[in-house]
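Here is what each chain is made of, one letter per residue.
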Amino acid sequence: MAGARPAPRNRGEGAIAEGPLDVETIYCERADDVARWARRLGGPEIDVEDIVHEVFLVVQRRLNEWRGDAQISTWLYEITFRVVQERRRRWRWNRWSPDAVHGSRALDRLEIATDQPDALDLLQRREATALLYRILDGIGEKYRTVIILFELEGLNGEEIAALTGTSLANVWVRLFRARQKVMKRFLAWEKTR
Amino acid sequence: MTPKRAGDRGQFTASAQRWVSRPVGHDEAEDRLASLFRAVEPPRELGAGARSRVWARLRHAARPRPKRSLGALRWAVAGVVLLTSGVVIGAMSAHRWWPRAPVTHRSPPATAARSAAGAERRGGARPGRPDAPLADSPPGFAFEPPQPHENPVMLADPPAPSGAALAARPARALRPERTNAAARAAVTAGREAPPLESAQASNPSDPETLRLESSALAGETPLLGEALTRLRQQRDASGALKVLDIYRARYPDGTLKREAEGARIDALLLLGRRGDALTELRHLELAPQGRDQELRLIRAELAAANDCAGAMTDFDRVLAEQVSDRLAERALHGRAVCRSRLGDAFGAKHDLGEYLRRFPEGRFAPDAHRALTGARDDL
């Protein structure tokens, strides 16, 4: 399954292309990376197009401030992370609404009218995704990020450290604790079933 | 790093194997969790269309709005709200307090003259006339008798959201400003309800009415939420149906009736009660947009089992509307099957050809190829 996922291009590398650095070049080279990070960090409810747009608006605004002392991927990841975090913070308001009772908006469309087997498979995948992100939502942002990048995005420790701007030791510690927390929440969820 | 952290790292880095790729059999709980990670949908590519849309938006965003102006706008809005509420509160306080205010006749002559001038400027709102301020009381505070189970917003026929979509956006349904007494008055009088915006403009919020409507919704929402929880989280379709029965009995004309009906159909389909689902669907008036389009397609697919002629109408309408590719794909295939069953070989062939043209990699493409090849062989 993990092998089926497309490997991120130039993952963790700083250089993106020859020539001057402009928004168009960065967009062409990195839009897919940003979209994938946004999807992974934000979960099934994220509006990826919107996030990518917002991230590149920030890039457009702050490109002249970027001095190149960090890798472009780290910088983009940082912006994506903040934009997604801001969006998720806004969603927390929705927890006051009855929407929180029944979970994810991704489950809205029950494609059960057709008797094709892939419809059920699709539904199960969506439910699994929604469930996993509900579990991950409760473990704290720094742990959530590391486990998503390691388990779902398929990055190794060094790449996560480079992307998140933390030390390798810190990455391992966070991953270890993230796993403990996820397991605890998963077992708690199983008990309530 | 503390010794504990160092211990964590030492213990962990050696065995930092991904859950998604670890072999099964180490630990049952980890196996189950790993399978959950493996089942997660792979991230979809942004796609060429989305890329160009975002790029176009970036190009057309002449200059992103600086945060400062947004902050200033927020402060301005907050200021206006505070000022308005202050004025309203002041007016209401004056309304209560002014008639009972004692009159000061003991002021010195100069002060008395100023008081008299001030009283003149106030235009007759003088002490001793308790009815005067009442004439100035703001409109919209008059009591209007409650009218349960009547929602002008729904009667004004807005686009109906899907059952789950409603639960996903409950704030919009509950938002009091969406209700308006003008629309209600028009409906009560037998006239067509005015458009929401114009009605809102003509009649500001009536607190009593809004309170009553909110409380009616507050009763409906948890019930429907419970049904949706059972249906979507617990996969308990029969439990959801029971709750939906209670909802139907308690709120036969509820504001969320349509969403409840959508959930009922989902539950019936989940239970395999296709006949009942079709019966329910036949009672619905479906709009040419949103979730209704999917419900119309489901109705056609269910009807196609026994009544292809009846299903054709719905297939035709779905295909005539602006629908997503996902729905169009199902509708084209369904119509081709129905046309074939009804003996319209030419029409079926046309639909299958159209299907293959639009969805060459679609899930029914192999069937369509086979059917078209068979049709050519027959010829």
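**Student:** Run through helix α7 (residues 157–164) of chain A, naming residues and quoting values.
**Tutor:** All names here are of chain A. Of all the positions in α7, only Gly157, Ile160, Ala161 and Leu163 are classed as buried. Angular distribution of buried residues about the axis of α7 spans 170°; they occupy a single face of the element. If you check the start of α7, you find a side-chain oxygen 3.2 Å away from the backbone N of Glu158, and it comes from Asn156. Positive backbone phi, at 70°, marks Gly165, one or two positions downstream of α7.

**Student:** So what's going on with the pattern of salt bridges? Which residues, and what values?
**Tutor:** By the definition in use, this model includes 36 salt bridges over all chains. Note that A:Glu54 and A:Arg87 form a salt bridge whose closest N and O atoms lie 2.3 Å from each other. In this pair, A:Glu54 sits in helix α2 (residues 48–62) while A:Arg87 sits in helix α3 (residues 72–91), placing the two residues 33 residues apart along the sequence. A residue is classified by how much of its surface remains accessible, and A:Glu54, at 25% relative accessible area, is partly exposed. In this structure, the salt-bridge partner of B:Arg335 is B:Asp351, at a minimum N-O distance of 2.9 Å. Separated by 16 residues along the polypeptide, B:Arg335 in helix α18 (residues 325–341) and B:Asp351 in helix α19 (residues 345–358) bring together distant segments of the chain. Judged by its relative accessible area of 13%, B:Arg335 falls in the buried class. In this structure B:Asp351 comes out as buried when scored by relative accessible area, which is 0%. Taken together, the shared-partner salt bridges connect A:Arg30, A:Asp33, A:Arg36, A:Arg40 and A:Glu153 into one network.

**Student:** How would you sum up the confidence of the model for chain B? Please name residues and give values.
**Tutor:** Residues of chain B with pLDDT of at least 70 account for 60%, and the chain-wide mean is 68. Counting contacts from residues 101–205 of chain B, a segment whose pLDDT is below 50, to residues more than four positions away or on other chains yields 112 contacts.

**Student:** So what's going on with the packing of aromatic side chains? Residues and values would help.
**Tutor:** A full pass over the atoms with the stated rule returns 10 aromatic pairs over all chains. Ring centres of B:Trp19 and B:Phe37 lie 5.6 Å apart, and the angle between their planes is 50°; on these two criteria the pair is classed as tilted. Of the two residues, B:Trp19 is situated in the loop between α1 (3–13) and α2 (28–39) and B:Phe37 in helix α2; the sequence distance between them amounts to 18 residues. With respect to burial, B:Trp19 and B:Phe37 carry one shared label: buried. Here the aromatic cluster, defined as three or more aromatic residues joined through ring pairs, consists of A:Tyr27, A:Phe56 and B:Trp55. The ring of B:Trp19 carries A:Arg179 above its face, with NZ or CZ at 4.7 Å from the centroid.

**Student:** Tell me about the packing of helix α17 (residues 308–320) of chain B against α18(B), and please be specific about residues and values.
**Tutor:** Residue and element names in this part refer to chain B. Contact geometry of α17 with α18 gives a least axis separation of 9 Å together with a crossing angle of 150°. Of the two elements, α17 crosses α18, and the hand of that crossing is left-handed. Between α17, through Cys308, Ala311, Met312, Phe315, Asp316, Val318 and Leu319, and α18, the contact on the second element is made entirely by Ala328, Ala331, Leu332, Gly334, Arg335, Cys338, Arg339 and Arg341. Per-class residue counts for the contact of α17 with α18 are 10 nonpolar, one polar and four charged.

The rules we used
- Starting afresh in each chain, residues are numbered from 1 along the sequence in its written order.
- Each chain is given a letter, starting from A, and each ligand a number, starting from 1, according to the order in which they appear as written.
- Local features in this predicted model are restricted to residues whose pLDDT is 70 or higher, and side-chain atom pairs enter the listing and the counts only when it is 80 or higher, whereas totals over whole chains, interfaces and linings include all residues.
- Each side-chain value is worked out from all heavy atoms of the structure, with water and hydrogens disregarded.
- The buried label goes to any residue with under 20% of its type's maximum accessible area, the exposed label to any with over 50%, and the partly exposed label to all in between, with areas taken from a 1.4 Å probe on protein chains only.
- A run of H or I in DSSP becomes a helix once it reaches four residues, and a run of E becomes a strand once it reaches two; helices and strands are each numbered from the N terminus.
- Here, the arc refers to the directions that run from the helix axis to the C-beta atoms.
- By the criterion applied in these results, polar contacts are pairs of N or O atoms within 3.5 Å in which, for protein atoms, one can donate a hydrogen and the other can accept it, and in which residues neighboring in sequence qualify only through two side-chain atoms.
- Salt bridges are counted wherever a side-chain nitrogen of Lys or Arg sits within 4 Å of a carboxyl oxygen of Asp or Glu.
- What pLDDT expresses is the predictor's confidence in each residue, scored from 0 to 100.
- Note on definitions: a residue-residue contact is assigned when non-hydrogen atoms from the two residues lie within 4.5 Å.
- Here the aromatic set is Phe, Tyr and Trp, taking the six-membered ring for Trp, and pairing holds for ring centres within 6.5 Å; pairs whose planes are under 30 degrees apart are stacked, those over 60 apart are edge-to-face, and all others are tilted.
- Should the NZ of a Lys or the CZ of an Arg lie within 6 Å of a ring centre and within 35 degrees of the ring normal, that charge is described as sitting over the ring.
- Between N-to-C directions, angles cover 0 to 180 degrees, with each direction set by a line fitted to C-alpha atoms, over the stretch in contact for helices.
- By definition, any crossing whose near helix is turned counterclockwise from its far helix by less than a right angle is left-handed, and any crossing with a clockwise turn is right-handed.
- The residue classification treats Ala, Val, Leu, Ile, Met, Phe, Trp, Tyr, Cys and Pro as nonpolar and Asp, Glu, Lys and Arg as charged. All others, Gly included, are polar.

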